[in-house]
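Descriptive analysis of the structure
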Amino acid sequence: MTTTRRLGAVVAIAAAVACASSGCTVIPVSGPYTVSEVGAGDPLTKSFQRMIAIPPQEGWGPEETIRGLQAAMAAYPDDPTILPQYLTAEALAKWSPAGPVTVIEDGFEVVPQTPRDTTGAVEKLQVKAQVVASIKEDDSYAPTAGSWDRPFDLVKVQGSGYRVKSLPTGLVLTNSDVMRAYRPTNLYYMSGNSQKQLVVDRVRLRLKPTESFAQTILERLLKPQTAALEGGAVTSSFPPGTKIESIRWSGEERVVINLSGPIDANDLSTEDSLRAQVRYSLSKNEVAKGRVIEMQLDGEPYFIDRPESDEGWLDDSGDSAYYVSKGAVHYMGKDGPAGVVPGPAGQPRDGYSNYTLSKEGTATSFVAATTSTGISVAKLAPEGQWQEVIQGTGLTPPTWHQDGSLWTYDTKNGFLLRYDPATGRGPERVSAPKLQGLDVTRLRIARDGVRVAVTTGKNTVQIGALTHDVSGTMLGNFQSLTTTETGKEILDVAWADDEHLLVLVGIKAGQILSQINVGDGETVGIPLEDQLTRLAAAGGRVLGEFSTDQGVKVMELNQDRQSWTAKIEQGAGTPLFPLG
């Protein structure tokens, strides 16, 4: 069933009324309206509202015509026949929908620039709004802010109302248009560094009345990743030329997807990674979740993926918690302290700071820390010894990669450095040309081993990616995540998971803690009760080192994401998670 809703005032009220027993509805015919496309329980699709635009009306003035034009832009991908009717022949010949989609606030103004001209001459108007974001051609969503002004010239056509004389390339949608017709969507590609690791790529996909959302997702998955992950940061298991022939819902528990193209059915590694890309790209978007996925190749059985199968394609670094007290690394149990780690790392030590732990579950786990002369590491083992592995006095706090290597940025010499304990060699330089000349203050590698958060100065966070090609590894693809105002300072950052970064900002009145989706900038505030000095997060858990009236405490964010509970109240220090 479809339902309908008017978007604005109408010039003349009319309706087409069908028989109630048919399940139809009253549809107004004199103004733009929306039709709700209801999924009726289909696990492959999503309910949404589709804009139905109407041509310009003879009785409309210039402002109504501009607002009708904007509604036609919102409806254009579903019905491209209405928008051209708002344009003169000259404007239509030059206009194209290509390019980024501009997203503005709903309450845009249409301001006349000259007194109303009833003689048929050009009417000049200005559209004023606050810009919200842009949806780029690769479907990535980039939030922005600021004023948006655009002039419009209209001419009156005898017996047909007004027409727009020129229209810049691209579509302009309101925030409500995007909320109604687009969905934030996580696509999953294979890491360029490891074919056993998925990396999320967040896009905005438009829901289509002509196909299921499952097909929209998989059709987009066959295309290249967004610019944030280009250059070999990720790869795809789908070879070029792969097509989605059909997707159907077979009974209550099974979804059948038929592929065609140059896929080698005997390549088991490709089968595994392709299965992971499909499963996660659907289920993480609440599509076909909990159902068996049967994959076919040219109509023949290819493989069956069951919903309970999970082989650690996402972060599997663990959520075991630790904390540092007086230079010694301690285990943290469910309700408090649980002893010290083995070896020298568990012994009190002065002059060490910025502790960080490598991945758990490997043959050798390490802890690293900053000293007055460089960065030292020690095995988490009785026979471990502290050893300086990177020398320098201008090094950013160390950060571990999932492959077991240790990274830092040498701010004095402008070098990105990587040290691999497995090689026994000294640190190597990694190309990072976009960081040259910047005041790099922090560098944090995400647990997916691809994305990297970099803070520059006191006010800016950028997200980059480790890319790979024949010339080697490079840190690039930088995109701004957040910039604070003058008088505010970024105090700490921590990866909450592969797609969210926690950012702690100091302000005159206190502090602000936010969780930001690095794919689209969606931000959620987290309340603070005391002064927070350091952050750590993993596996849905968030720990903080707080300065309170009763001294330093390690506290954990509760499941309601609104309050904190003290975990370590005596001898507390910096909390840690592996790969934090």
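Look a little higher up for the structure.
Reading the values: the criteria
- Residues numbered from 1 in each chain as written.
- Predicted model: local features only at pLDDT ≥ 70, side-chain atom pairs only at ≥ 80, totals over all residues.
- Heavy atoms only, no water.
- Helix = DSSP H or I, 4+ residues; strand = E, 2+ residues; numbered from the N terminus.
- Buried < 20%, exposed > 50% of the residue type's maximum accessible area, 1.4 Å probe, protein only.
- Expected span 1.5 Å × (residues − 1).
- Pairing = 2+ DSSP bridges.
- Axes fitted to C-alpha atoms, helices over the stretch in contact; angles between N-to-C directions.
- Parallel < 35°, antiparallel > 145°, perpendicular 65-115°, else oblique.
- Left-handed = near helix turned anticlockwise from the far one by under 90°.
- Contact = heavy atoms within 4.5 Å.
- Nonpolar A, V, L, I, M, F, W, Y, C, P; charged D, E, K, R; others polar.
- Phe/Tyr/Trp six-rings, centres within 6.5 Å; stacked < 30°, edge-to-face > 60°.

Quick look at the environment of Ala121 now. On the secondary structure map, Ala121 appears in the loop between strand E7 (109-112) and strand E8 (123-135). Looking at Ala121, the relative accessible area reads 34%, which means it is partly exposed. Separated by 35 residues in the primary sequence, Ala121 and Lys156 place their C-alpha atoms 7.3 Å from one another.

Moving on, we come to helix H1 (residues 62-75). End to end, H1 covers 20 Å across 14 residues, agreeing with the expected 20 Å (1.5 Å per residue, within 8%). H1 sits mainly inside the fold: 11 of its 14 residues count as buried. Among the residues of H1, those classed as buried are Pro62, Thr65, Ile66, Gly68, Leu69, Gln70, Ala71, Ala72, Met73, Ala74 and Ala75.

The pairing of strands in a sheet happens through backbone hydrogen bonds and is either parallel or antiparallel. Here we have four strands laid out as an open sheet, ordered E39-E40-E41-E42, and antiparallel in their pairing. Only two strands of the sheet have a single partner each, and these edge strands are strand E39 (531-538) and strand E42 (564-568). The average undirected angle you get between the axes of adjacent strands in this sheet is 30 degrees. The sheet contact formed by strand E40 (residues 541-548) and strand E41 (residues 551-557) spans six bridges and is antiparallel. From the neighbouring strand, Glu545 faces E41, where its bridge partner is Val554.

An order of E16-E17-E18-E19 is seen for the four strands of this open sheet, with the pairing classed as mixed. The open sheet has two edge strands, strand E16 (243-250) and strand E19 (300-305), and neither has a second partner. Going across the sheet, the axis of each strand differs from the next one's by a mean of 20 degrees, ignoring polarity. Judged from the seven bridges that link them, E16 and strand E17 (residues 254-260) form a sheet pairing that is antiparallel.

Turning our attention to the packing of helix H4 (residues 213-221) against helix H5 (residues 268-283). Contact pair H4 / H5: the axes reach a minimum separation of 10 Å and the direction vectors enclose 135 degrees. One way to sum up the angle between H4 and H5 is to call them oblique. Crossing handedness for the pair H4 and H5: right-handed. Where H4 abuts H5, its residues Ala214, Ile217, Leu218 and Leu221 lie against Gln277, Val278, Ser281 and Leu282. For the contact of H4 with H5, the residue count by class is six nonpolar, two polar and no charged.

What follows deals with the packing of aromatic side chains. Throughout the structure, instances matching the rule amount to eight aromatic pairs. Taken together, a centroid distance of 5.4 Å and an interplanar angle of 85 degrees make the contact between Tyr76 and Trp95 edge-to-face. Residue Tyr76 is found in the loop between H1 and helix H2 (89-94), and its partner Trp95 is found in the loop between H2 and strand E6 (101-104); the two are separated by 19 residues along the sequence. Both residues of the pair, Tyr76 and Trp95, count as buried. Ring geometry for Tyr355 and Trp386: centres 6.3 Å apart, planes at 85 degrees, overall edge-to-face. Of this pair, Tyr355 sits in strand E23 (residues 353-357) while Trp386 sits in the loop between strand E25 (374-379) and strand E26 (387-391), and the two are 31 residues apart along the sequence. Like Trp386, Tyr355 is buried. Counting every residue linked through ring pairs, the aromatic cluster contains Tyr352, Tyr355 and Trp386.

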